[in-house]
Amino acid sequence: MPEVLLDVRNLQICYETSRGCVRAVDGVSLEVYRGETFCLVGETGCGKSTLALAIPRLLPPNARLLNGEIIFKGKNLLTASEIELQKIRGREIAMIFQNPMTSLNPVHRVGFQVAEVPATHFRISWREALVTAVKQLGRVGIPDPDLRSRDYPHTFSGGMKQRSMIAMMTICKPSLLIADEPTTALDVTIQAQILKLLHELKIEYGLTLLLITHNFGIVAEVCDRVGVMYAGKIVEVADVREIFESPQHPYTKGLIECVVARRKSKSRLNQIPGAPPSLLSPPSGCRFHPRCTYVTHKCLSEEPRLVGVREGHLVACHNHERVR
Amino acid sequence: MILLIKEKIKSFSSSEGFRLFMRHKRGVAGLILLSFMLFVALTADFIAPKRFDEVDPSSRLLPPSTEHVFGTDQLGRDIFSRIVYGARIALWVGLLVVVIEAGIGVPLGLIAGYYGGSVDKFISAITDMLWAFPPIILALAIVTILGPGLTNVVIAVSIVSWAPYTRIVRAKTQSIMSREFITAARAVGESSFSTMFRYVLPNTLASVIVLATLTIPSAILYTTALSFLGFGAQPPTPDWGAMLNEGKDYIFKAPWCSIFPGLFITLTALSFNLLGDALRDVLDPKLRLG
Amino acid sequence: MVTELLIVRDLKKYFEFRKGFFTKTQYVRAVDGVSFSVERGTTLGVVGESGSGKTTLGLTVLRLIEPTSGDIVFNGSNVMHLNRKELKNFRRSTGIVFQDPYSSLNPRMRVKEILERPLKIHTEDDSETRLEKIVKTLEEVGLSSEHLMRYPHELSGGQQQRVAIARAIILRPLLVVLDEPTSSLDVSVQAQILNLLLELQSRHELTYIFITHDLLTAKHVSDFIMVMYLGKVVEYSTTQEVFGNPRHPYTVSLLSSVPMPDPKLRGRKRVEVVGEPPSPLNPPKGCRYHPRCPYATEVCRVKEPELLEFSKKHFVACHRVGELSFDEFLRDVSSFLSE
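Residues numbered from 1 in each chain as written. Chains lettered and ligands numbered in written order. Predicted model: local features only at pLDDT ≥ 70, side-chain atom pairs only at ≥ 80, totals over all residues. Heavy atoms only, no water.

A. Representation of the sheet that holds strand β5 (residues 75-76) of chain A. Residue and element names in this part refer to chain A. Taken in spatial order, the four strands of this open sheet run β2-β1-β4-β5, and their pairing is antiparallel. Since the sheet does not close on itself, it has two edges, and those belong to β2 (20-33) and β5, each with one partner. Sheet analysis places strand β1 (residues 4-17) next to strand β4 (residues 63-72), joined by eight bridges and oriented antiparallel. The residue of β4 that forms the bridge with L6 is F72. (Pairing = 2+ DSSP bridges. Helix = DSSP H or I, 4+ residues; strand = E, 2+ residues; numbered from the N terminus.)

B. Geometry of the packing of helix α4 (residues 110-121) of chain A against helix α7 (residues 158-170) of chain A. Residues and elements named next belong to chain A. For the pair α4 and α7, interaxial distance at closest approach is 8 Å and the crossing angle is 25°. When the axis of α4 is compared with that of α7, the two are roughly parallel. When you trace α4 past α7, the crossing you get is right-handed. Contacts between α4 and α7 involve V110, Q113, V114 and V117 on the former and, on the latter, S164, A167 and M168. (Axes fitted to C-alpha atoms, helices over the stretch in contact; angles between N-to-C directions. Parallel < 35°, antiparallel > 145°, perpendicular 65-115°, else oblique. Left-handed = near helix turned anticlockwise from the far one by under 90°. Contact = heavy atoms within 4.5 Å.)

C. Here's a closer look at the interface of chain C and chain A. Tallying the contact residues gives 44 residues for chain C and 48 residues for chain A. Summing the contributions of chain C and of chain A, the shared interface buries around 3600 Å²; its carbon and sulfur component is 50%. The interface formed by chain C and chain A includes four salt bridges. Among the ionic pairs, C:R268 bridges to A:E221, the shortest N-O distance being 2.9 Å. Within the residue set of the side of chain C that touches chain A, elements represented by two or more residues are α6 (187-204), α7 (215-221) and α9 (249-257) of chain C. Here the residues of the side of chain C that touches chain A sort into 17 nonpolar, 13 polar and 14 charged. (Buried area = accessible area lost by both parts, 1.4 Å probe. Salt bridge = Lys/Arg side-chain N within 4 Å of Asp/Glu carboxyl O. Nonpolar A, V, L, I, M, F, W, Y, C, P; charged D, E, K, R; others polar.)

D. Expanded view of the packing of aromatic side chains. All chains considered together, the criterion is met by 19 aromatic pairs over all chains. Members of the aromatic cluster, joined through ring pairs, are B:F70, B:F80, B:W240, B:F260 and B:F264. Sitting above the plane of the C:Y14 ring, C:R29 keeps its charged end 5.3 Å from the centroid. (Phe/Tyr/Trp six-rings, centres within 6.5 Å; stacked < 30°, edge-to-face > 60°. Lys NZ or Arg CZ within 6 Å of the ring centre and 35° of its normal.)

E. Region of interest: the packing of α4(A) against helix α5 (residues 126-139) of chain A. Residue and element names in this part refer to chain A. The geometry of α4 relative to α5 is characterised by a closest axis approach of 8 Å and an angle of 115° between their N-to-C directions. Crossing hand, α4 versus α5: right-handed. Where α4 approaches α5, its residues V110, G111, F112, V114, A115, E116, P118 and A119 are matched on the opposing element by W126, A129, L130, A133 and L137. Partitioned by chemical class, the residues of the contact of α4 with α5 number eleven nonpolar, one polar and one charged.

F. A look at the pairing of β4(A). Residues and elements named next belong to chain A. Pairing of β4 with β5, which is carried by two bridges, proceeds in the antiparallel orientation. Looking at the pairing, I71 lines up with N76 of β5. Linkage of β4 to β5, two consecutive antiparallel strands, is achieved through a turn of two residues, within which K73 is found at a positive phi near 45°.

G. The arrangement of α5(A) in detail. All names here are of chain A. Helix length check: α5 (14 residues) gives 20 Å between terminal C-alpha atoms against 20 Å at 1.5 Å per residue, within 8%. Among the residues making up α5, those that are buried are A129, A133, V134, Q136 and L137. Projected onto a plane normal to the axis of α5, the buried residues spread over an arc of 165° and lie on a single side. Opposite its buried face, α5 presents the exposed residues R127, V131 and K135, each directed more than 90 degrees away. Where the residues of α5 are buried, they touch α4, α6 (145-148), α7 and α8 (188-205). Directly beyond the C-terminal end of α5, a positive phi value near 100° is found at G141. (Expected span 1.5 Å × (residues − 1). Buried < 20%, exposed > 50% of the residue type's maximum accessible area, 1.4 Å probe, protein only. Arc of directions from axis to C-beta.)

None of this, on its own, says anything about what the molecule does.
As structure tokens, this is what we get:
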């Protein structure tokens, strides 16, 4: 039985806006096992980024926690004090964001920013912290790390900035690394390098990786298990091969079939009709029902619960047996 | 035609911008105040009990009473009537200033931002040079040549003060030029002129409106200052600044001659400021939200 | 010869970059001698990463950026030196769609006005005819008259892109340049838009230049593929050839780097890509790819390779083109890509 590192239970988060409270994450339960790479997949507005930010409690001020728990190493992060959280962030749980251009502080040298992390969490001198930082920058593939650690972020390319972020976030060997679309803003060849780096570090440090992405190519390349989100809910969780070979939720199936490479050139791609629903007033019953080809009467009134259909494969759909 | 206006008003009042504006209490206050001034200016003929130049030596320097709500000045003229007609002048000054300054500044800013390069350098240089020119001296010069008068002074001041408009429109234009809808406009066949006025200009208007509402009060104050110094409005023009000038000699004997014009100058400037603040808050985030 | 809608010869676009008052002017060689042709009714996919010059190429071909030198022959006529009227006609026969749909629409114009402008500029239609054409085009792109009075910020990303596409085709152009038209859209919306583009192409016999960094999307829509690196073309052939039999190390490294949406391909052999793409201000001497190429030899460091015809309709710019074999990297991928 794999050890559960992160246990999200019935999480409900909404954002307060002038038009009401937008339910970005609406009753999400999830388990991430130690040592795995778990991919959270979904399109814009499904809530995956909100879920990711909720874990280290980095949500914006207008976010309201309505319900739920996030258990990490036996502690509920949502009720932890700010002091406890500061000890956890960077040390136990680390996060990499999508846009490396804006994640680094432009007015501090790169080495300084990376060194700040161990300096804060460990009882070491500033000099030791800098040495560690330079070493880590070298580990993530920055050439001439000693020299470059004294440079400012604007002299770094996008790929190098992202590597620096990774250095910063792995220098304390955290247990959980959350990466929110870490390669979306990068070129394809650099993307491959970064993914390879993350994989190497994962093995070397025994990291658990929670990867947020909308790119199924990345999912196929790096993930062990996949969670699919739609309109603030988790609709399917399964092993990566299962997700590609036998998806049980109509949305998952639809998404995978949309992916370009899997069709003959110039053929008509499968498309999911319509658009994602408003999170202010989502559809009744199953949120996907207005766009679903397998819809039945039950789907309009009753919200499907996430149930296990096979070993390790969960689906929230009344008609999953018919999905082929 | 009426239907079109009604529809525009309807769509405007239900728009998000309108709702956001109404929440801004100070802005609404400014709007109300300004509307009040506008009302006074427009209905001056009906509200004013006396003519603004009606001299009555027997009623000199009378304190406020039921007959003379704001009292009388040193020539026995009813101050209330003069204030009321003065509103026209103040608003007229505000309008004229905006028309001249924006009329010169905005197109120059557009052209400088759109073409860039040496055109931009040339326009920016001219703008900065004229901005450095002290308006009072120019006003003096014009007054010497053309004779004194409020309109002349206003023109003198405005003609060298359009720089803020040029600068803000130029900056806004430069940021707009990097957006793809400008390239798309050219791809569709739009001429440069058309691109500037149909595509760039409407997107700079928000900034211009905010700037206008914030520069009008300083223009009013500036011209009232000039009138105070004797360059602007000539008697018997009931310009508030001129009234301040005339009242200064009687400030202890008859303070009402100065209090009321001063109060109205302040209120008018304030109303524009409040309105401008609110407009800026409404128009800018809306652009961001969109 | 007659079937080629667009012929481009040795196109160059250099941007001036002046660092200081006394330093010599440096040039960013964004497009540095590119030649190709596009047959009517086909799609040319232009593939590359940032700095490759692909976007500059798209804009230069339409003369939305003025070329530094070269020839562009469109529909039989050289469009390098046009008077105002001829340029206007050129604009009428071409269209462009950008990556960021919101940024490409005037936020102060309603959909109706956005689509009306091209008609007002190029036709003598009266307002009724214009409205008819606008509504018809809206319906073609999957929208309707209900969207006429909307502002861009009131539409979703997919809808905005549809409006941009409508604007590009409303005058029935011959050539449309598409610069990453689906990159900022969600996966399900991407599929919708790609389907739409293919449908419009077959219905109106459109010719596309499809610029993208996404190899898989390029493969799906293109008949021919042109791979660019640092302002130069490194490989150019039919889609089948480029994906089935790539001959340039960079093309193979791109194929290696692209994450393939099939878990079975996870452990495949790849070409390792080292280093970062160099700055277009100071491209490497010799072959521009040599610092990152695992197959670079002495000649690669010194002499720039020419784009030569390796086999029928397959052009490669590599000194070692005949010697290198990439089978080991392509085996698994090929079958996946050709099913």
